[in-house]
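# Geometric and topological summary
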Amino acid sequence: MSTSLNALRAALMSTPKALTVLWGLSDRPAFAEKVAEIGRGAGIDLTTEAVLAAMTPRGPATPAMPVSAATLGPEWLPSTFAITPQGGRLDWVYGGGEAFTAPFAAQDFAWLATHPLNQLLPVISDPGELGRLPGPERPVDGMIFHIGRCGSTLASRMLSQVGDILVLSEPQPLTAVLSAHTLLTIDPVVQQAWINGMLGAYRRAAAGRRLVIKLDVDSLFDHARLRKVCPDTPFVVLHRDPLQVLVAQAGTGAPPGGQDGIPMPSAEEIARWLAALCETGARAVNAGARPIAYADLPGAVLDPAFLNLGLGEGDRAAMATVSTMDAKAPGRPFVPDSLARQSAASERLRMLARQVIQPSWERLAGLR
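The structure contained in this document is the topic of the report that follows.

### Some remarks on the overall build of the protein chain
Along the backbone of the protein chain there are 16 helices and 11 strands. Expected size for 368 residues packed as a compact globule is a radius of gyration near 21 Å; at 22 Å, the protein chain falls within 12% of this value. Expressed along its principal axes, the backbone C-alpha trace of the protein chain runs to roughly 70 × 50 × 35 Å. Burial statistics for the protein chain: of 368 residues in total, 49% are counted as buried. Sequence-distant contacts in the protein chain: of pairs separated by 6 or more residues, those separated by 24 or more amount to 79%. Here the protein chain has roughly 16,200 Å² of accessible surface; of this, 57% comes from carbon and sulfur atoms. If you average the places of the 32 positive and of the 33 negative side-chain charges in the protein chain, the two averages end up 3 Å apart.

Shown next, in the form of structure tokens:
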């Protein structure tokens, strides 16, 4: 059966119209029946039961089909990127033009991976191929950077309500490419080509939609490399009162704990990291990014000048529907936590915020 199954998978991968038809079938028996029918038309005899048995849940260790990334159509998106000193694995999922509305792209990718098509066609490519993929044919329409816990997920959730905007919130493959040099020896020119290829893949997946990417917090350190690929893309840097961010990141000042024997960073280390983020954020603003204060949300996102996306009244009305909800727990009303964070702070955290982070944060916030 494996020979027939491999032949069927290859036939499907080379027939975009068949993939489009199959994407419209989320019912597993109906999907399997249609796949078997397509197989018979191609001279491949597989029963519906055999097709059903071939559909398996996706995971990092799932046996997958190695393909050339250059042969994948624009409906395919990089979903996970595993990098080790021994090599890597880049997984792709068929997106079918679906909207991404979850708080984080990983949740959207996980949902896409449950579709029968992605379970029948687990596709991977060699990470090295990224550098040979074309970059974005037009710039990404907006990028959101932040110093953590300062409303970036709210901003991305609001923008995801606009029908013709594809929002990718902290896509893990892009984060992995940006940090690849910390895990393996890689030529900076090659790594820059990987970034270019990854952004190009997401740009093509957006098709006619506008594309906005919300980066993870550490990606702020890589703003220059991203701007090198998309120099005309509007960028914003979200920030918040340093004590409130420090409390969120370090707790109330209790001794740090850890999981699996890995100690958590100390409050001092976290404070120095936040100060470095603020310094980098200030440099990003000096290079053209727009600073946005947490206190100005959600209104700042509704402002037409936010990323200059040309939002209309209908767009802003759709965005406003989620502006009062908890961004990370859709359906739950947002409960302001600024005062609670201030009151929960230990004197030690107050001192660290004041002496370590505040000077750098003031340089960033003062650029408004």
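### Some points on the nonpolar core
Residues L120, L121, L159, L199 and L246 are the most contacted members of the largest nonpolar core, which totals 117 residues. Of all the elements, helix α12 (residues 267–286) adds the most residues to this core, at 9 residues. Not counting chain neighbours up to four residues away, the residues in contact with L120 comprise L5, R9, L12, F31, V35, V51, A54 and M55.

### Some points on the pairing of strand β6 (residues 165–169)
Extensive coverage of β6 is indicated by the burial of 5 of its 5 residues. In β6, alternate side chains face the same way, and those of I165, V167 and S169 on one face and L166 and L168 on the other are all buried. With 5 bridges joining them, β6 and strand β7 (residues 210–214) adopt parallel strand pairing. Across the sheet, residue I165 finds its bridge partner in β7, namely R210.

### Considering the side chain of R316
Along the chain, R316 falls in helix α14 (residues 313–320). Looking at R316, the relative accessible area reads 16%, which means it is buried. Here L311 takes part through its backbone oxygen, which lies 2.8 Å from a polar atom of the side chain of R316. Leave out the neighbours within four places in its chain, and R316 touches L302, P304 and L311.

### Things to note about empty space enclosed by the protein
Empty space among the atoms becomes visible once a probe the size of a water molecule is rolled across them. On inspection of all chains with the given rule, the structure shows 1 cavity of 30 Å³ or more. Of the volumes computed, that of the largest cavity is approximately 40 Å³. When contributions to the lining of the largest cavity are tallied by element, the ones reaching two or more residues are α7 (152–159) and β6. Looking at side-chain class alone, the lining of the largest cavity contains 4 nonpolar, 3 polar and 1 charged residues.

### Quick look at the sheet that holds β7
If you trace the 5 strands from one edge of the open sheet to the other, you get β6-β7-β5-β8-β11, paired in parallel fashion. Here the strands that pair on one side only, and so sit at the sheet edges, are β6 and β11 (290–293). Within this sheet the neighbouring strands show an average axis-to-axis angle of 20 degrees, counted without direction. Sheet topology note: the strand β5 (residues 142–146)/β7 ladder contains 3 bridges and is parallel. Its bridge partner lying in β7, G142 is registered against V212. Contacting β5, β6, β7 and β8 (235–239), α7 crosses the sheet at an angle of about 160 degrees to β5.

### Remarks on unusual backbone geometry
Excluding glycine, residues mostly have negative phi values, and the peptide bonds linking residues are mostly trans. In this structure, the amide linkage connecting L297 to the following residue, P298, adopts the cis form with an omega of 0 degrees. Even without a glycine there, the phi angle at R149 is positive, about 55 degrees. Of note, R149 is situated in the loop between β5 and α7. Although it is not a glycine, N308 adopts a positive phi angle of roughly 50 degrees. Residue position: N308 is located in the loop between α13 (299–302) and α14. On the basis of relative accessibility, which here comes to 56%, the residue N308 falls in the exposed class.

### With respect to the layout of surface pockets
In this structure, the largest pocket spans a volume of roughly 570 Å³. Taken together, 28 residues line the largest pocket, and the ones lying closest to its centre are R149, C150, G151, Y294 and K328. In terms of residue count, the dominant contributor to the lining of the largest pocket is α7 (3 residues). Looking at the lining of the largest pocket, its residues break down into 12 nonpolar, 8 polar and 8 charged.

### Observations concerning the side chain of S169
Tracing the backbone shows S169 in strand β6. Look past the residues within four positions of S169 in its chain and what remains in contact with it is P103, F104, A105, S156 and K214.

### Points about helix α1 (residues 2–13)
Under the 1.5 Å per step criterion, the end-to-end length of α1 is 16 Å for 12 residues, consistent within 8% with the ideal 16 Å. Looking only at α1, the buried set comprises L5, L8, R9, L12 and M13. Buried residues in α1, looked at end-on, bunch into an arc of 135 degrees, giving them a common side.

Thresholds, definitions, all that
- Residues numbered from 1 in each chain as written.
- Predicted model: local features only at pLDDT ≥ 70, side-chain atom pairs only at ≥ 80, totals over all residues.
- Heavy atoms only, no water.
- Helix = DSSP H or I, 4+ residues; strand = E, 2+ residues; numbered from the N terminus.
- Rg over C-alpha atoms; globule rule 2.2 N^0.38 Å.
- Buried < 20%, exposed > 50% of the residue type's maximum accessible area, 1.4 Å probe, protein only.
- Contact = heavy atoms within 4.5 Å.
- Areas by Shrake-Rupley, 256 points an atom, 1.4 Å probe, with all protein chains shown as cover.
- Lys, Arg positive; Asp, Glu negative; His and termini not counted.
- Charge placed at Lys NZ, Arg CZ, Asp CG, Glu CD.
- Core = buried A, V, L, I, M, F, W, Y, C linked by side-chain atoms within 4.5 Å.
- Pairing = 2+ DSSP bridges.
- Polar contact = N/O pair within 3.5 Å; in protein donor to acceptor, adjacent residues only side chain to side chain.
- 1 Å grid on protein atoms, 1.4 Å probe; cavity = no way out; pocket = protein on both sides within 12 Å on 5 of 7 lines; lining within 4 Å.
- Points joined across faces, edges and corners; volume = space filled by probe spheres on them.
- Nonpolar A, V, L, I, M, F, W, Y, C, P; charged D, E, K, R; others polar.
- Axes fitted to C-alpha atoms, helices over the stretch in contact; angles between N-to-C directions.
- Expected span 1.5 Å × (residues − 1).
- Arc of directions from axis to C-beta.

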